[in-house]
Amino acid sequence: MVKDVLSSVMDLDIVNDVIIFKHRNDEYNFSFIDTKTGKLLTRWARVGNGPNEFVQLGAGFTVVDSTLVFLDIAKKKINIVAINDILRKDVEQIKQISYPYTREFR
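Here is what the cut-offs are and how they apply
- Residues numbered from 1 in each chain as written.
- Predicted model: local features only at pLDDT ≥ 70, side-chain atom pairs only at ≥ 80, totals over all residues.
- Heavy atoms only, no water.
- Helix = DSSP H or I, 4+ residues; strand = E, 2+ residues; numbered from the N terminus.
- Rg over C-alpha atoms; globule rule 2.2 N^0.38 Å.
- Buried < 20%, exposed > 50% of the residue type's maximum accessible area, 1.4 Å probe, protein only.
- Contact = heavy atoms within 4.5 Å.
- Areas by Shrake-Rupley, 256 points an atom, 1.4 Å probe, with all protein chains shown as cover.
- Lys, Arg positive; Asp, Glu negative; His and termini not counted.
- Charge placed at Lys NZ, Arg CZ, Asp CG, Glu CD.
- Pairing = 2+ DSSP bridges.
- Axes fitted to C-alpha atoms, helices over the stretch in contact; angles between N-to-C directions.
- pLDDT = per-residue confidence, 0-100.
- Core = buried A, V, L, I, M, F, W, Y, C linked by side-chain atoms within 4.5 Å.

### With respect to the overall build of the protein chain
Right, on to step 1. Counting its secondary structure elements, the protein chain contains one helix and nine strands.
Right, on to step 2. Computed over its C-alpha atoms, the radius of gyration of the protein chain comes to 14 Å, within 12% of the 13 Å expected for a compact globule of 106 residues.
Right, on to step 3. Considering only C-alpha atoms, the protein chain reaches an extent of 45 × 25 × 25 Å along its principal axes.
Right, on to step 4. Counting the 106 residues in the protein chain, one finds 34% classified as buried.
Right, on to step 5. Taking the contacts inside the protein chain whose residues are at least 6 apart along the sequence as the reference set, 28% of them involve residues at least 24 apart.
Right, on to step 6. Accessible area of the protein chain: about 6,700 Å², with a carbon and sulfur share of 48%.
Right, on to step 7. One finds the centroid of the 15 positive side-chain charges in the protein chain at a distance of 4 Å from the centroid of its 14 negative side-chain charges.

Here is the structure:
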């Protein structure tokens with residue numbers, strides 16, 4: 001059972017017996033919880049400007065083929081990362097795709 005204090009949940013999804021929570025106003029943007037045991041597996045995507053840190057995530061996220069896809073709207077990047085890498089705490093590479101933030105794009 002999760003005993004850690006988690007901040008407000010903005011979005012969630014369940015993938016392979018893992019609940020993914022996206023938080024607001026927290027040190028980490030995501031929490032991963034095992035649905036069978038209720039244990040917190042990991043927290044990931046620290047707020048900040050360093051490696052594997054993110055400034056301002058969009059409101060939601062998407063899961064596609066066991067990958068987590070989300071926006072960092074402050075950096076104008078789409079981020080794609082394997083969920084298994086996050087759960088193994090072995091995220092070496094995050095695929096990032098820049099997008100234009102122009103009137104035509106919006």
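### A few points about the sheet that holds strand 1 (residues 9-15)
Right, on to step 1. Spatially, five strands are ordered 1-2-3-4-5 in an open sheet, and the strand pairing comes out mixed. At either margin of the open sheet sits one strand with a lone partner, and together these are strand 1 and strand 5 (53-54).
Right, on to step 2. Pairing of strand 2 (residues 18-23) with strand 3 (residues 28-34) involves five bridges; the strand directions are antiparallel. Bridging from a neighbouring strand, I19 pairs with I33 of strand 3.

### Focus: the sheet that holds strand 8 (residues 77-82)
Right, on to step 1. The strand order across the open sheet built from four strands is 6-7-8-9, with neighbouring strands paired in antiparallel fashion. Looking at the sheet topology across the chains shown, the edges are occupied by strand 6 (62-64) and strand 9 (95-98). Taken over all neighbouring pairs, the strand axes of this sheet differ in orientation by 25 degrees on average, direction set aside.

### Focus on the confidence of the model for the protein chain
Right, on to step 1. Mean pLDDT over the protein chain stands at 89; residues scoring 70 or higher make up 93%.
Right, on to step 2. Across the protein chain, element-level confidence peaks in helix 1 (residues 83-87) with a mean pLDDT of 97 and bottoms out in strand 5 with 92.

### Examining the nonpolar core
Right, on to step 1. Ranked by size, the top nonpolar core spans 17 residues in total, and within it I20, F30, F32, W44, L68, F70 and V81 carry the most contacts.
Right, on to step 2. Mapped onto this core, the elements with two or more residues apiece are strand 2, strand 3, strand 4 (40-47), strand 7 (67-72) and helix 1.
Right, on to step 3. When neighbours within four sequence positions are excluded, F70 is seen to be in contact with F30, W44, F54, L57, G60, F61, K77, I78, N79 and V81.

### Quick notes on the pairing of strand 2
Right, on to step 1. With six of its six residues buried, strand 2 lies for the most part within the structure.
Right, on to step 2. Neither face of strand 2 is open: one carries V18, I20 and K22, the other I19, F21 and H23, and all of them are buried.
Right, on to step 3. Pairing of strand 1 with strand 2, which is carried by six bridges, proceeds in the antiparallel orientation. Opposite L12, over in strand 2, you have F21 as the bridge partner.
Right, on to step 4. Hairpin connection of strand 1 to strand 2: two residues between the antiparallel strands, including N16 at a positive phi of 50 degrees.

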